[in-house]
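# Working through the structure, step by step
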Amino acid sequence: MSSETVSVERVAKSYGRHEAVKSVSLALNAGETIALVGHNGAGKTTLIKLMLGLIRPSAGNVRVLGENPAAGEFAARKSLGYLPENVSFNMALTGRETLAFYARLKRAALCQVPELLDRVGLSAAMDRRVGTYSKGMRQRLGLAQALLGSPQVLLLDEPTTGLDPSLRRSFYAIIDELKSQGTTVLLSSHALTELEGKADRVIIVNRGIKIADGTIDELRHIARLPTRIRLKLADREPGTVERWISDTGRWQRVNGHMLEIDAAPEDKIQLLRRAAAEGAPVADLDLIPPTLDELYAHFLSTQDALP
Amino acid sequence: MKNILILARKEVQEALRNRWVLATTLLLAALALTLTFLGSAPTGIVAVGALDVVIVSLSSLTIFLVPLIALLISHDAIVGEKERGTMLLLLSYPVGRWQVIIGKFVGHVAILSFATLLGYGAAAAALAATGAAIDAASWWAFLSMIGASVMLGAGFIAIGYLVSALVRERGTAGGIAIGAWLLFVLIYDMGLLGVLVVDQGRNLSGGLLDTLLLLNPTDVYRLLNLGSGSAGLLSGMGGIAQSSALTPAILVAALAGWTIIPLAMATVVFSRREL
């Protein structure tokens, strides 16, 4: 059972002549982690701002937790967490004061403040001015404010930029925990690889249009990208290999003892059987599935092919 | 209401941390004390109260300084937060945009009131400590002067917000704020004086002059503080004030209008802006 927390219906947004978002529809469910992927300027931030009600759509409807976020109703915003792309704070206040201010605005319990600062690893620095923080520390403070008041919907715009690998891991651990509590988490990113294994569903936007929406497996299925099979040849007398290649077809020689083929999904098993068969001149075999970058590039290029 | 107080509290907290409050208070106190003791020297033992002299000199100081301080703290309030990116985050919270403006306004007026009360109060306290005889009417006039100074400051804070809500860059806001200060504090009066001299009282009626005076908050302030009582005699403003139909009630209302109208306009402009 999944219940819808955010729905965007045929929404368009233009700034003057520039159309940032063109008729996008999408739905986000409770307990789901969604990756919103696109180049810089593809419309990711515009979509997030629309969900926050910071801007009004030129056409279409946005509903967040049952409310129109731009209508000036603020009940839903208490259950909403947002981390902007380049988060910044007033430099004069300390981390603790800053977080306490946001907690008061959200009517969250003030005892959450030290807890959250501890969770993002800022407890040692919480009484220092934000002006002395590094970029990564500010990003963590940004994450802490987004988590105030146990949000039902988290909108995180490029959340992992500026985080080192260990913090990134603890960041995803926090996300997983929230997900198990039924929080909808939207992560935006300009690279799909970054989100491998973190997102249940991927939405790709390009030039203001949604071009793909589904799990990574579904996207792989739709894209039908070939899997690369690489063989290491066994030492045989000359000619055997050439004969075997002409039997099984389309292999390319990488060098003297390496063969490669890009196998379409339906040919893959057949090719593997042949390579693993008795008498095949093969010593070792590697399977390289298409990377997420290739998948992403594929979807972008299919849109480019459209008129 | 609670949101407004939360936002106001943060403004005050920031200003305390930035030493804004300290700097403003010290500046006002230092200038007020200087004027009090240097300014009272030439009066000697005239029949006017010592505090009345202070009121006249402090009012003249206020007209220059308080609008400047007010514009300095307010011109950055909206466009600065937008440019630094803090506004985006703030508006994603359950707060209305009008609450953001009013909250900042309450905070900034509180800072200015504190600085004025303490700075000018120090001058009056020092005067009283030297043993000068001060009657109740003078004390009352002094308190009214402080109140009017805060109102003048509030008006310029509101004007600063309007500028801040209208422009896209901080630099522009700073430039316009300086321009507004020059216009209201210097140029307007010089122009008005020039027109009066040229006109020689032929075309400009008293009613028109009153209207022209109401169109500048610093003139309203000047009339309010220097136009009546012993201060009027001392400042030479008594003449204008007597021939004018502007009662203190009208003047206070005009000063309040100079706060409410720009503040309302700033709120409307800010509410329509998209981030």
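As the structure is a prediction and not an experimental result, all values here were calculated from the model.

The domains assigned to chain A are domain 1 (4-221) and domain 2 (226-289). If you average the C-alpha positions of domain 1 of chain A and of domain 2 of chain A, the two centres end up 46 Å apart.

Empty space within the largest pocket amounts to approximately 430 Å³. As for the largest pocket, its lining consists of 20 residues, of which Asn90 of chain A together with Glu14, Asn18, Asp76 and Arg84 of chain B are closest to the centre. Broken down by secondary-structure element, the contributors of at least two residues to the lining of the largest pocket are α1 (2-17), α3 (50-74), α4 (79-84) and α6 (97-129) of chain B. With four residues, α1 of chain B is the largest single contributor of residues to the lining of the largest pocket. Classifying every residue of the lining of the largest pocket by side-chain character gives eight nonpolar, four polar and eight charged.

Residues and elements named next belong to chain A. Counted residue by residue, strand β3 (residues 33-37) has five buried out of five residues, so it is predominantly covered. Residues Thr33, Ala35 and Val37 of β3 are buried on one face, and the alternating residues Ile34 and Leu36, pointing to the opposite face, are buried as well. Relative to strand β7 (residues 184-189), β3 runs parallel, the two being bridged by five bridges. In the sheet register, Ala35 faces β7, and the bridge partner there is Leu187. As paired elements, β3 and strand β8 (residues 201-206) share four bridges and run parallel to each other. When the sheet's bridge partners are listed, Leu36 is paired in β8 with Ile203.

Within an α-helix, residues lying three or four positions from one another point in the same direction, as the helix has 3.6 residues per turn. Residues and elements named next belong to chain A. Its 16 residues place the ends of helix α5 (residues 165-180) 23 Å apart at the C-alpha level, agreeing with the 22 Å of an ideal helix rising 1.5 Å per residue. Those residues of α5 not exposed but buried are Leu167, Phe171, Tyr172, Ile174, Ile175 and Leu178. The arc enclosing the buried residues of α5, seen along the axis, measures out at 155 degrees, which places them on a common side. Exposed residues pointing more than 90 degrees away from the buried face of α5 are listed as Pro165, Arg169 and Ser180. In this fold, the buried residues of α5 make contact with β3, α3 (112-119), α4 (135-146), β6 (153-157) and β7. Where α5 ends, the next residue or the one after it, Gly182, has phi of about 90 degrees, a positive value.

Cut-offs applied
- Residues numbered from 1 in each chain as written.
- Chains lettered and ligands numbered in written order.
- Predicted model: local features only at pLDDT ≥ 70, side-chain atom pairs only at ≥ 80, totals over all residues.
- Heavy atoms only, no water.
- Domains from an automatic or database assignment.
- 1 Å grid on protein atoms, 1.4 Å probe; cavity = no way out; pocket = protein on both sides within 12 Å on 5 of 7 lines; lining within 4 Å.
- Points joined across faces, edges and corners; volume = space filled by probe spheres on them.
- Helix = DSSP H or I, 4+ residues; strand = E, 2+ residues; numbered from the N terminus.
- Nonpolar A, V, L, I, M, F, W, Y, C, P; charged D, E, K, R; others polar.
- Buried < 20%, exposed > 50% of the residue type's maximum accessible area, 1.4 Å probe, protein only.
- Pairing = 2+ DSSP bridges.
- Expected span 1.5 Å × (residues − 1).
- Arc of directions from axis to C-beta.
- Contact = heavy atoms within 4.5 Å.

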